[in-house]
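Now for the letters of each chain:
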Amino acid sequence: MASARRTQTSLASFFKQPARADAGPAAVAVNSPRRGRTRAQESPTAEQGATKKARHRRAIDGSDSDDGDGESALHSGAGGQAQSAGRTLVRSVSDAAGLMERLRVRAKETEQAGSTAPAAAPSLVAPGTLESTSIQLVERRGGVKYTPLESQVLDEKARHPDMLLAVEVGYKFRFFGEDARIASRVLGIMCTTANNFYNASIPTPRLMVHARRLVLAGYKVGIMRQCETAALKAAGDNRNAPFTRQLCEVYTAGTLVEEVGDGPAPGGAERYLLCPVERLVDAKDQRVSFGVIAVQITTGDVVYDRFDDSYLRSALETRLTHLQPGELLVPPGLSAETLRTLAAYVGYPIDYSERREPLLEHANRTGVRVAFGAAELLDPGAARRLVSDFYTDGGAPALLAPVLALPDEVVAALALLVSYLRTFQLDRALLAGKTAGAGGPFAPFHTRLHMLLSATALQTLSVFTAGSGGPAAASEEPAVALKELLRPGGRSGGAHSTHVPGGDGSLFGAMDRTRSQFGRRMLRRWVAHPLVSRARLEDRLEAVEFLRRVLEDADAQALDEDASRRALAGLHAKLGQLVDLERGLCRIHYGQASPQELLRILRSLAAAASLVPPGLEIAEPRLVAEALGPDTWTAELRESVAHWRSQIDPRSAKGGHKDTLFAAGPLHDLVQAHHDRLAALEAELQAHAAAVRAQLGDARFEFKSVSGTDYLIDLTHGRAKAAPADWIRVSATKTHARFHTPFVVEKLAERERGREALQQAARDAYARFLGSIAEQYAPLRRMVTALATVDALFSLAVLARTAGYCRPQLLGDDQAEASVELVDAVNPVLAARTPAYVPNTVRLGHDADAARAMILTGPNAGGKSSLIRTVALIAIMAQCGSYVPAARARLSIVDAIVTRMGASDNMLAGESTFMVEMRETAELMRQVTPRSLAILDELGRGTSTHDGAAIAFAVLAHLAERRPLAFFVTHYAHLVDAFAGDRMVRPCHMAFLERASERPDDAIAEVTFLYKLVDGASTDSFGLNVARIAGLPESLLRCARDRAARMRTDLDSRWAAHCARRLKRAVAHARSPQPE
């Protein structure tokens, strides 16, 4: 506490000191809080890692200040009178009345307190609280005098009001106004009040760390950098003006390309930027046609889709769930139903009229950002013209014809994305055609060779996440979720870390044994889009079987005589040593890779190229042979990688020094010419020492360097009086004075200009080097894709070695009806976490006379939901080409897996729990075919018993007629009686043991769950038993027991009376005379 008080006192004393103009027009001095010493205000160039002494020297040469007030004094120097530039804190100049009017018009705030701040001391706002602050938009207000720096920020904010600006000021990046409040909350840094705006700052070396956190919080972040250095400024015409700054980089959730080594994106999935465009098909039924383009900037993948959708927008929801975009580009004119679906995904309402300025209240959002597209690009003609110009001017005219052949909705979405990505200089991601297939430059979202899992199936079966929501289902406290995403070792992790099977509670988590990030993405695509082609599935299963034997032989050390199998085993062992090459190649392609990243990428590329030795011959299986064939692993590719590595110096690359990065080649010669000129200048300066010795008459004289200032003549005060008049006094102490000769001043200025020229030449050479690598993007990407395929296959091979797993026997894909036969099957997710999981045998539809639907009853918590999930998950695994957790598995290839499970509402879409249940049921009924697998769990429980039971009966009757493979879990015991005579419906239940309670006053039976599937219906659901296990009070249980007994008695009495009436009518009818 004492230390904190001393710090605050020191800050206050510093802030109260006024600035004064120094003798030099480009230097500003302020009083230091330490012993009254005077120092120049520091403002280094953007060079990271500069020492304080170097910053001091650059301040003498005319560098920028570390705050806006210093710039004010610099600016006023031209007029001959410096303004007071001390960091005296003034009252906030927020125009409360005007601000309240704006907020009322925009319907965002209904009450605004006056925004005032203490005038005598800084308002240090505790991070995360900000109670003493109010909304402060960065916009001009009449009657307010702004510093030059603030004017620059205001001008940039006027051009980009939707952007959260980080402004480079010296060796820090600063935020102003509302941006500072946001940064304080999200980043946990101090928010102070200085001059006209709130202020918060971060150090330059930590810029991207903090920018990433702001982006993940859902903001659009702009980086405004200084575009000139002290040396160039001192030699230019604007030496007395503020430093020039420009918006250099912009980041959003969908456009941030993570640095190599940062690990996977949060949640494991990469973040797409998605643009949907809709066209009305039927106004009466509110049916629309969608065109969708989604680009994954991190990996360069681009997918498109065109599909029709009902008023429920379930198809759009399915695409959102699969792609999990981190940013939506929303065009104007979308229907209310579509906006509700998008709002339910992002977690907040989408309003075109909403204010675009970033506000602190937006920090409570889910991290999914919404941007808005231009209305004029929805016109088909305008969209096609923009796309045509883009591909023609971009040097990819060969891609134009297949792009223009896409539907109008898709072309409009593409035009919107091109226009949007130009802001970030990332539009080249749409040029490469790197995901091109036979149909064009982009990959289709769905093909006839794959099964499309609906959003409901992905969520209820926990295919990728243990929860059931999208991004909006994140933690209720965003700060907690954000900390979890960003903490070391958290979900975003470091490199591809050790994986715990089933640790996240999802099917993908239970299957994932990949060793690389690109392999993990490939496996995820396989799980998201199971195959429906038996030929392709058999190919994948053959590859998995082959690699499983390779791993077993490697463990048994039986690979000595087979070079190809030995190479495969070595490849698998070394895959985990590679960085994320997909991301790295994209960083190079966009020109964003740093020298440190470049070194890691080139090392991994060289290691990847060496994983497949020249001349490797693998004839079978086909998938492995194609992935590791000579068409991908060419000699030219290996030579290119070796050539690139030979040109750079590893030590300079590690330090991020572009000026010494190149060790050989023409780029080295280009940069070396600048080094040679600098060396010549240094030689001239050293030779000048002889002239100084002659003037001083001191043969032992040598130049000195003090506080980063070189070539100083250090003289005692006595000797300094005899110094030549043209010598320039630089600094002094109590005993010495230091000078520069005119020659030294001239050469030092020339040296500074030469250093700037060297840095510019190094940047240009580095950009050219990255461009030369990017020219080979296509073959490099093919190599990485091949490695990803092999890694995914090895992952399935490792899974196949798990005890209790078997190779599934897949029936012909021409089979008219689906069937399943599983022996001793277990749930792949739960079994990985619970070794004592009870296996079950399931047979349904396995012959012509077999039942097509299973009606499953049994006690609560008896394993019914787990059993039906087991069947669905094993079907997905089998159609991914994976082994499955069963002693024997014989399955048909199903064309769809449709589910209706769980209970949840969708308030943002205006849907109650029962409405969601019925909507999912309606989608299920529309999709099922005799080759589908349908899973329904406790249908009808969201409404009254009679309505729910009636709906359940009608749905089950419809399924029995449509003949899909159906598993129907219910607690409506009378449904079993209703279908007792239908051979298409097989009644089963989960076995249990029931025994009377040992206590005489307790009539609640004790039930032991056996978790085994047996034929026949259950006698009861034993809900009171589960209530007891859950810990409900005994008094409540006794009340419920008595009420249940009375209800049964009443029901039995009514049934008996009904039977008596029917019997009476029958007897009366029998006694009545019959007509002849």
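You'll find the protein chain entered in an unreviewed UniProt entry as Mismatch repair protein msh3, with Coemansia nantahalensis given as the organism.

Trainee: Which residues make up the pattern of salt bridges, and what values go with them?
Mentor: The full count for this structure, using the stated rule, is 49 salt bridges. Here R181 makes a salt bridge to E178, at a shortest N to O gap of 2.9 Å. Within this pair, R181 and its partner E178 are both found in helix α6 (residues 178–187), separated by 3 residues, close to a single helical turn. For R181, a relative accessible area of 6% translates into the label buried.

Trainee: Account for helix α18 (residues 534–555), naming residues and giving values.
Mentor: Here α18 is 22 residues long and its end C-alpha atoms lie 31 Å apart, about the 32 Å a rise of 1.5 Å per residue gives. All of the buried residues along α18 are L537, R540, L541, A543, V544, E545, F546, L547, R548, V550 and L551. Buried positions along α18 lie against α17 (517–528), α19 (563–574), α22 (622–627), α28 (777–800), β21 (809–810) and α30 (864–879). Phi for Q557, located one or two positions after α18, is positive at around 55°.

Trainee: Describe the packing of helix α21 (residues 595–611) against α28, and please don't skip the residues or the numbers.
Mentor: Where α21 contacts α28, the axes come no closer than 11 Å and their chain directions differ by 65°. Relative to α28, α21 is oriented so that their crossing is left-handed. On the side of α21, the interface is formed by L605, A608, A609 and L611, while α28 contributes L780, M783 and L787. Here the contact of α21 with α28 is composed, by residue class, of 7 nonpolar, no polar and no charged.

Trainee: A description of unusual backbone geometry should follow, citing residues and the corresponding values.
Mentor: A cis amide bond links E620 with the next residue in sequence, P621, at an omega value of 0°. By the secondary structure assignment, P621 is in the loop between α21 and α22. The phi torsion at S462 lies on the positive side, around 55°, for a residue other than glycine. Relative to the helices and strands, S462 is located in the loop between α14 (455–460) and α15 (478–486).

Trainee: Outline the sheet that holds strand β28 (residues 932–937), supporting the account with residue identities and numerical values.
Mentor: Pairing in this open sheet of 6 strands is mixed, and the strands run β27-β28-β29-β24-β30-β31 from one edge to the other. In this open sheet, the two strands that pair with only one neighbour each are β27 (896–900) and β31 (1006–1015). Between one strand axis and the next, the sheet turns by 15° as a mean value, whatever way the strands run. By the bridge criterion, 5 bridges tie β27 to β28 in an arrangement that is parallel. Directly across from R900, in β28, lies its bridge partner L936. Helix-sheet contacts for helix α32 (residues 945–962) involve β24 (853–857), β28, β29 (965–969) and β30 (985–995), and the interaxial angle to β29 is about 160°.

Trainee: Outline the sheet that holds strand β17 (residues 709–716), supporting the account with residue identities and numerical values.
Mentor: If you walk across this open sheet you meet the 4 strands as β16-β17-β19-β18, and the pairing is antiparallel. In this open sheet, the two strands that pair with only one neighbour each are β16 (704–706) and β18 (728–732). Across the sheet, the mean angle from the axis of one strand to that of its neighbour is 50°, orientation sign disregarded. Judged from the 4 bridges that link them, β18 and strand β19 (residues 736–740) form a sheet pairing that is antiparallel. Across the sheet, I728 pairs through a bridge with H740, a residue of β19.

How each quantity is defined
- Residues numbered from 1 in each chain as written.
- Predicted model: local features only at pLDDT ≥ 70, side-chain atom pairs only at ≥ 80, totals over all residues.
- Heavy atoms only, no water.
- Salt bridge = Lys/Arg side-chain N within 4 Å of Asp/Glu carboxyl O.
- Helix = DSSP H or I, 4+ residues; strand = E, 2+ residues; numbered from the N terminus.
- Buried < 20%, exposed > 50% of the residue type's maximum accessible area, 1.4 Å probe, protein only.
- Expected span 1.5 Å × (residues − 1).
- Contact = heavy atoms within 4.5 Å.
- Axes fitted to C-alpha atoms, helices over the stretch in contact; angles between N-to-C directions.
- Left-handed = near helix turned anticlockwise from the far one by under 90°.
- Nonpolar A, V, L, I, M, F, W, Y, C, P; charged D, E, K, R; others polar.
- Pairing = 2+ DSSP bridges.

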